[in-house]
Amino acid sequence: MTPATRQEVLGLYRKILQIAKNWQSASGQIEETMREKEYIRNEARTLFRKNKNVTDPKLIKQCIEECEARIEIGLHYNIPYPRPIHLPPMGLAHKQGRTLRHQEKLRKISKPIYLKSHDEVS
């Protein structure tokens, strides 16, 4: 990891911790605000620790883009949790064989960048 990339990653981590510190839930309830603040800190800690040994520059760039996307979406919608994705048509049909594999491939392709790591952690 280059020093510039390292500084960018550390800057994102600090930005997330600052967002968690100043977070206010949409409902305004203190209990919900505290739960959401804790979720933001735990999610950041988990994902950054999971990816600390990544050395591939393309994968590092993808993780940075995912982090930035999740920050922007969270701030825009005022929810810390990842937004659900829209499944392709017939995404929940119970099929066998090639059709099922094709549907799984479509579902994987249609997944937005901000949800790539969410399934691995949750």
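Residues numbered from 1 in each chain as written. Predicted model: local features only at pLDDT ≥ 70, side-chain atom pairs only at ≥ 80, totals over all residues. Heavy atoms only, no water.

- Under an unreviewed UniProt entry, the chain has the name LYRM1 protein and belongs to Eulacestoma nigropectus.
- Taken directly from UniProt, the Sequence similarities (unreviewed entry) text for the chain runs: "Belongs to the complex I LYR family." (UniProt positions renumbered as here; feature names shortened; annotations may be inferred.)

## Quick look at the nonpolar core
- Ranked by internal contacts, the top residues of the largest apolar core, which has 13 residues, are Leu12, Ile16, Ile40, Ile64, Cys67 and Ile71.
- Broken down by secondary-structure element, the contributors of at least two residues to this core are α1 (3-22), α2 (30-50) and α3 (57-77).
- With five residues, α1 is the largest single contributor of residues to this core.
- In this structure, Ile16 is in contact with Ile40, Ala44, Phe48, Cys67 and Ile71, ignoring residues within four places of it in sequence. (Core = buried A, V, L, I, M, F, W, Y, C linked by side-chain atoms within 4.5 Å. Buried < 20%, exposed > 50% of the residue type's maximum accessible area, 1.4 Å probe, protein only. Helix = DSSP H or I, 4+ residues; strand = E, 2+ residues; numbered from the N terminus. Contact = heavy atoms within 4.5 Å.)

## Let's talk about unusual backbone geometry
- Of note in this structure, Asn78 is not a glycine but carries a positive phi near 55 degrees.
- When you line up the elements, Asn78 lands in the loop between α3 and α4 (98-110).

## As for the pattern of salt bridges
- In this structure the tally under the stated criterion is three salt bridges.
- Measuring nitrogen to oxygen at the nearest pair gives 2.9 Å for the salt bridge that ties Arg41 to Glu38. In this pair, Arg41 and Glu38 both sit in helix α2, three residues apart, roughly one turn of the helix.
- Arg41 sits in the partly exposed class, given a relative accessible area of 24%.
- Between Arg70 and Glu43 there is a salt bridge; the shortest N-O distance is 3.0 Å. With Arg70 in helix α3 and Glu43 in helix α2, the pair connects residues that are 27 residues apart, well separated along the chain. Note on accessibility: Arg70 and Glu43 belong to one class, buried. (Salt bridge = Lys/Arg side-chain N within 4 Å of Asp/Glu carboxyl O.)

## Thoughts on the environment of Arg35
- Inspection of the secondary structure assignment puts Arg35 in helix α2.
- The spacing of Arg35 and Ser25 is ten residues in sequence and 9.1 Å in space, taken between C-alpha atoms.

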